[in-house]
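# Coordinate analysis (summary)
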Amino acid sequence: MSRLGQYILFLGALFKNHESFKTYLRLTLDECIYIGINSIVIVSIVSVFMGAVSTVQTAYNLVNPFIPQSVVGLVVRDLTILELAPTITAIVFAGKVGSSIAGNLGTMRITEQIDALEVMGINSVSYLVLPKIIATVFMYPFLVILAGVLAITGGYLAAEFAGALSPADYFTGLKTSFNGFSIYFALIKSVAFGFLISSIAAFMGFYTKGGALEVGQSSTKAVTVSCIAILLSDFILAQLLLVK
Amino acid sequence: MIEVKNLTKSFGEKVILTDINAVFKPGQTNLVIGASGSGKSVLLKNIVGLFTPDSGEILYDGRDLITADRDMKTEIRREIGMLFQGGALFDSMNVEQNIKFPLDVLTKMPEDEKLDRVNEVLKRVKLENTNDRMPSEISGGMQKRVGIARAIVNKSQYLFCDEPNSGLDPRTSIKIDQLLHEITVEYQLTTVVVTHDMNSVMEIGEHIIFICDQQKLWQGTNEEIVHSGVEALEDFVFANKMMRKFKSL
């Protein structure tokens, strides 16, 4: 519980004693490139295979002749938008970006770079962490949109080249009973997950004590705790927004 | 001038410093010495505001850092320059960016003026033409000098150094000590150096305080230190064979 309290105080410190807007803008743009653009490749690879595998496995399980093959497209679409794109990508993202944020801040802590900022009268939490959180919350929804599009494309590729079902059936399924709220739901989740990943990783890294070994431990903890927080908040958001 | 009054600090049950009083005057190099684990770095971190003391006062030209409101604290801290044990240079920035950093964040100086100021301090620490080098590409001694340049670039009034000679060879250590002393006199800085290096004590110790068993046991100059009559200090000063031989002469 004391850790949770410390985390809340840490979040409170983000908004105290700001530097200039220009400083934050520059730092946030740098972080957008580092966090967002540099994650495109891994997110793309994971998404295409995620969509392709979902298509093949759904088609494999759909053996009832009374259920049309187009249902595969519908299932893959909803699965991708509601769960795979925001949540599975978040777990991959926590592994890549979360560990990097925690490692970066942990190293800065043990090499006294954070103390150097504090001595200069700079709010180190705000200066170092706020741009990372803003950049993640801003960029992660775009990555989720990309992941969704590529996963559905991966499903099409599986239909076309693996022969799981005909591409025509797949497209028919994609267009059947589409509920636009699914997109909003995915984007709401992506904002929540982006915030959780960046803030938890930053918190773990910022309070690293010790040496190189502890920096590694902070990175591991950041990924573990972020994944648990993602899954927990995924359930809570689904319960709040989908259950009528 | 910095005044430390009745400063006490503990971590949980463990008392680190008890009732420390000290005055650090501008234009002279003030040294805080003591064995490893004696609490001298904790004292320094209390003085610069990285730790909050349990009780006592820390006055920067009459302004108490502990009771100051946030704006006053920020104002005081922006007059402080600090050289950390490992240099604490930002890994992602080159030498020029590291030194320019306080000017970028804390001032509204035009870019060309900032660059002039950076080159001026680089020249002062004898590191001209190293602007584009990364911290990982320069030696430990050079990193310390970049750290000093960063500490003084914003025309700080107070300079703190935590073990400035750690990891350096004796010759480079003396050069760093001399540089710190010259800068202190030239800019009339209030400089506080935490060290356990006897070479530094002998080279630049104009005002020394000795910390042992959580307390300030002695204060004086490098000329007085060899005749202090304080047993713990004599053990510290004459720790090696050569110094013991010197004492017996």
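Before going into details, it helps to say that this report is about the structure given with it. As the structure is a computational prediction, the values presented were derived from the model and not from experiment.

### Thoughts on the overall build of chain B
In terms of regular secondary structure, chain B is built from nine helices and ten strands. Rg of the C-alpha trace for chain B: 18 Å, near the compact-globule value of 18 Å for 249 residues, within the 12% margin. By principal-axis analysis of the C-alpha atoms, chain B measures approximately 55 × 45 × 30 Å. Considering chain B as a whole, with its 249 residues, one finds that 55% of them fall into the buried category. Partitioning the contacts of chain B with sequence separation of at least 6, the portion at a separation of at least 24 is 63%. Within the structure as shown, chain B displays about 11,400 Å² of accessible surface, and the carbon and sulfur contribution to it stands at 48%. Between the centroid of the 30 positive side chains of chain B and the centroid of its 37 negative side chains there is a distance of 3 Å.

### With respect to helix H6 (residues 124-161) of chain A
Each α-helix turn comprises 3.6 residues. Residues three or four places apart therefore point the same way. All names here are of chain A. Between the first and last C-alpha of H6 there are 52 Å, a value that for 38 residues agrees with the 56 Å anticipated at 1.5 Å per step. Where H6 begins, one side-chain oxygen reaches toward the backbone nitrogen of Val125, 3.2 Å away; that side chain belongs to Asn123. Of the residues flanking the end of H6, it is Gly163, one or two places downstream, whose phi is positive at about 70°.

### Re a nonpolar patch on the surface
Residue and element names in this part refer to chain A. A surface patch of nonpolar side chains, amounting to about 960 Å² of accessible area, comprises Phe181, Tyr184, Ile188, Leu232, Phe235, Ile236, Leu240, Leu241, Leu242 and Val243. At the level of secondary structure, the elements contributing two or more residues to the nonpolar patch comprise helix H8 (181-206) and helix H9 (212-242). Here the element with the most residues in the nonpolar patch is H9; it accounts for six residues. With respect to the helices and strands, the residue Leu241 is situated in helix H9.

### As for the nonpolar core
One finds Val129(A), Phe24(B), Leu43(B), Ile47(B), Tyr60(B), Phe101(B) and Phe160(B) to be the most contacted residues of the largest nonpolar core, which totals 84 residues. The element that contributes the greatest number of residues to this core is H6(A), accounting for twelve residues. Apart from residues no more than four positions distant in its own chain, Phe101(B) is found in contact with Leu117(A), Met120(A), Ile122(A), Tyr127(A), Phe90(B) and Met93(B).

### Side note on the interface of chain A and chain B
Taken together, the contact pairs 17 residues of chain A with 22 residues of chain B. Both faces considered, chain A and chain B share a buried interface measuring about 1,700 Å² in area, 58% of it formed by carbon and sulfur atoms. Taken as a group, Glu112(A), Val119(A) and Met120(A) account for 38% of the area that chain A buries against chain B, more than any other trio of residues on that side. There are two salt bridges connecting chain A and chain B.

### What about the pattern of salt bridges?
Residue and element names in this part refer to chain B. Under the criterion given, the structure shown has 17 salt bridges over all chains. Here Glu79 and Arg63 are joined by a salt bridge, their closest N and O atoms 2.6 Å apart. Of this pair, Glu79 sits in the loop between helix H2 (70-77) and strand S6 (80-83) while Arg63 sits in strand S5 (residues 63-64), and the two are 16 residues apart along the sequence. With respect to class, Glu79 is no different from Arg63; both count as buried.

### Some points on the sheet that holds strand S2 (residues 14-24) of chain B
Residue and element names in this part refer to chain B. Ordered in space as S2-S1-S4-S5, the four strands form an open sheet in which the pairing is antiparallel. Of all the strands in the sheet, the pair left with one neighbour each is S2 and S5. In this sheet, S2 lies alongside strand S1 (residues 2-11) in antiparallel orientation, the contact comprising seven bridges. Across the sheet, Val4 pairs through a bridge with Ala22, a residue of S2.

### A closer look at unusual backbone geometry
Backbone geometry places Glu112(A), a non-glycine residue, at a positive phi of 65°. Inspection of the secondary structure assignment puts Glu112(A) in the loop between helix H4 (71-110) and helix H5 (113-119). The phi angle at Asn6(B) is positive, at roughly 50°, despite the residue not being glycine. Following the sequence through the fold, Asn6(B) ends up in strand S1. Using a relative accessible area of 40% as the deciding quantity, one classes Asn6(B) as partly exposed.

### Examining the sheet that holds strand S8 (residues 190-195) of chain B
To summarise the sheet geometry, strands pair through backbone hydrogen bonds and adopt either a parallel or an antiparallel arrangement. All names here are of chain B. Here six strands make up an open sheet; going across it, the order is S6-S7-S8-S3-S9-S10 and the pairing mixed. Of all the strands in the sheet, just S6 and strand S10 (215-220) have a single pairing partner and so form its edges. With direction set aside, neighbouring strand axes in the sheet form an average angle of 20°. Summarising the sheet, strand S3 (residues 29-33) and S8 pair through five bridges and their orientation is parallel. Bridging from a neighbouring strand, Thr29 pairs with Thr191 of S8.

### Regarding H4(A)
All names here are of chain A. Here H4 spans 54 Å end to end across 40 residues, near enough to the 58 Å set by a 1.5 Å rise per residue. Of all the bends in H4, the largest measures some 55° and sits at Thr80. Of the residues trailing H4, Glu112 is marked for its positive phi of about 65°.

Criteria and cut-off values
- Residues numbered from 1 in each chain as written.
- Chains lettered and ligands numbered in written order.
- Predicted model: local features only at pLDDT ≥ 70, side-chain atom pairs only at ≥ 80, totals over all residues.
- Heavy atoms only, no water.
- Helix = DSSP H or I, 4+ residues; strand = E, 2+ residues; numbered from the N terminus.
- Rg over C-alpha atoms; globule rule 2.2 N^0.38 Å.
- Buried < 20%, exposed > 50% of the residue type's maximum accessible area, 1.4 Å probe, protein only.
- Contact = heavy atoms within 4.5 Å.
- Areas by Shrake-Rupley, 256 points an atom, 1.4 Å probe, with all protein chains shown as cover.
- Lys, Arg positive; Asp, Glu negative; His and termini not counted.
- Charge placed at Lys NZ, Arg CZ, Asp CG, Glu CD.
- Expected span 1.5 Å × (residues − 1).
- Polar contact = N/O pair within 3.5 Å; in protein donor to acceptor, adjacent residues only side chain to side chain.
- Patch = residues over 30% accessible without salt bridge, like charges linked within 9 Å, V, L, I, M, F, W, Y side chains within 5 Å.
- Salt bridge = Lys/Arg side-chain N within 4 Å of Asp/Glu carboxyl O.
- Core = buried A, V, L, I, M, F, W, Y, C linked by side-chain atoms within 4.5 Å.
- Buried area = accessible area lost by both parts, 1.4 Å probe.
- Pairing = 2+ DSSP bridges.
- Axes fitted to C-alpha atoms, helices over the stretch in contact; angles between N-to-C directions.
- Bend = angle between axes of the 7 residues up to and from the residue.

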